[in-house]
Each structure stands twice: as structure tokens, then as C-alpha cells.
Amino acid sequence: MKRLIHKVKPEFVWRLGLGAMYLYSGWDIFTHPEDWTWVLRALPEALSTSLLAVSGPFLKTQALAEIFFGGVFLLWFLPVRLVKWVSLLSALQLAAIILLVGIDPVTFRDLGLLGGSLGLFFFYRRAQFKLI
């Protein structure tokens, strides 16, 4: 067991966790968009009013973006540069959710995912500079 722990790379765990989460949430948003309109209602009124008017297309676009993120995290053969930038986009998305939706009973999850996304971004950013 100890050998296995030493062989597992941190980016594997980050990518697996983030990838699974994004595939799950993206697929759920895509197949059940009506279950996700609560997020739009939780946004500031001016923003939520305009997004609720186009909630179907907005949520489908969000779902496709999350499925894309999940795929990038899980497809190990993709360039590290792409994973690095998707990690940053993921962190920005999660920060926006925390700031716009506010504190609610699931904010702890968003904070952990934000930390994981930033950790992966900085890990690959640092690794890129070591290669030069």
C-alpha cells in the first residue's frame, strides 16, 4: 500500500476528481436543466432576470462547457497546457459561483473545488517553468 501511495501523482487525483465532478454535473445540467434554475434565481436580480429568460440555452451551454472541462481533465493524452488553462477557467467559474450565488449550504463543496482547480493550475504552471 505504501508503494502505491508513493507512485500516485497528485495531478492524477486532482484530474480524476475534477473530471468526474464536471462530467456528472454537466450531464445532469444537460439532461435536467429545470433542476438547475435555482442557481439562476440565486444570482443578483438584474443578472438572474435576464438569464432566466434564456435559461434553457444558457444552462445547456453551461452543461456543455462542464462536460468539456470533465473531458479535458480525464483524457490523459491531452496537452498539459490545455489542462492548465482549463484548470484556471474552472477556478474562475467556481469563484464566480461563490461570489454571485453567495454562501449557501453547499459552499463548502465549491471552496474545495476552487482549491483543487487552483492547485492543479499552479502545479502545471510550475511544472511548465521547470521544463524550460
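Scroll up to find the structure this text is about.
Source: prediction; values computed, not measured.

Asks: How should the overall build of the chain be read in this particular structure?
Replies: Counting secondary structure elements, the chain contains seven helices and zero strands. Secondary structure elements of the chain occur, N-terminal to C-terminal, as α-α-α-α-α-α-α. By its C-alpha atoms, the chain is 50 × 35 × 25 Å across when sized along the principal axes. Classification of the 132 residues of the chain by burial places 33% in the buried group.

Asks: How should I be thinking about the nonpolar core in this particular structure?
Replies: Soluble globular proteins: nonpolar side chains tend toward being buried together. Phe73, Val83 and Leu120 are the most contacted members of the largest nonpolar core, which totals 14 residues. Taken together, the elements giving at least two residues each to this core come down to α2 (10-31), α5 (55-74), α6 (80-101) and α7 (107-131). Each residue touching Phe73, except ones within four places of it in the same chain, is listed here: Arg15, Leu18, Gly19, Tyr22, Val83, Val86, Ser87, Ser90 and Leu120. One finds Ile29, Leu51, Leu59 and Val101 within the second-largest nonpolar core, a separate group that totals eight residues.

Asks: Is there a simple way to explain the side chain of Ser48 in this structure?
Replies: Inspection of the secondary structure puts Ser48 in helix α4 (residues 45-53). Of note is the side chain of Ser48, whose polar atom sits 3.2 Å from the backbone oxygen of Glu45. Those residues in contact with Ser48 that sit more than four places away from it in its chain are Leu40, Arg41 and Leu43.

Asks: Explanation requested: the environment of Val72 in the structure shown.
Replies: When you line up the elements, Val72 lands in helix α5. Among all residues touching Val72, those that are not within four sequence positions of it are Arg15, Leu78, Leu82, Val83 and Val86.

Asks: Explanation requested: a nonpolar patch on the surface in the structure shown.
Replies: A surface patch of nonpolar side chains, about 440 Å² in accessible area, is lined by Val8, Phe12, Val13, Leu16 and Trp76. By the secondary structure assignment, Trp76 is in the loop between α5 and α6.

Asks: So what exactly am I meant to see when it comes to the packing of α2 against α5 here?
Replies: When two helices pack together, their arrangement is given by the angle between the helix axes and the distance between those axes. At a minimum axis separation of 7 Å, α2 and α5 run at an interaxial angle of 155 degrees. Taken together, α2 and α5 sit at an angle that is classed as roughly antiparallel. α2 and α5 meet at a crossing whose hand is left-handed. Here the contact of α2 with α5 is composed, by residue class, of 16 nonpolar, six polar and three charged.

Asks: Which parts of the structure should I look at to understand the packing of aromatic side chains?
Replies: Each aromatic ring pair is described using two quantities: the centre-to-centre distance and the angle formed by the ring planes. Evaluated as defined, the whole model comprises nine aromatic pairs. Geometrically, the ring pair formed by Phe12 and Trp76 is stacked, given 5.3 Å between the ring centres and 20 degrees between the ring planes. Of this pair, Phe12 sits in helix α2 while Trp76 sits in the loop between α5 and α6, placing them 64 residues apart in sequence. A relative accessible area of 38% places Phe12 in the partly exposed class. Connected via pairs of aromatic rings, a cluster forms that spans Tyr22, Phe68, Phe69 and Phe73.

Rules used in this analysis
- Residues numbered from 1 in each chain as written.
- Predicted model: local features only at pLDDT ≥ 70, side-chain atom pairs only at ≥ 80, totals over all residues.
- Heavy atoms only, no water.
- Helix = DSSP H or I, 4+ residues; strand = E, 2+ residues; numbered from the N terminus.
- Buried < 20%, exposed > 50% of the residue type's maximum accessible area, 1.4 Å probe, protein only.
- Core = buried A, V, L, I, M, F, W, Y, C linked by side-chain atoms within 4.5 Å.
- Contact = heavy atoms within 4.5 Å.
- Polar contact = N/O pair within 3.5 Å; in protein donor to acceptor, adjacent residues only side chain to side chain.
- Patch = residues over 30% accessible without salt bridge, like charges linked within 9 Å, V, L, I, M, F, W, Y side chains within 5 Å.
- Areas by Shrake-Rupley, 256 points an atom, 1.4 Å probe, with all protein chains shown as cover.
- Salt bridge = Lys/Arg side-chain N within 4 Å of Asp/Glu carboxyl O.
- Axes fitted to C-alpha atoms, helices over the stretch in contact; angles between N-to-C directions.
- Parallel < 35°, antiparallel > 145°, perpendicular 65-115°, else oblique.
- Left-handed = near helix turned anticlockwise from the far one by under 90°.
- Nonpolar A, V, L, I, M, F, W, Y, C, P; charged D, E, K, R; others polar.
- Phe/Tyr/Trp six-rings, centres within 6.5 Å; stacked < 30°, edge-to-face > 60°.

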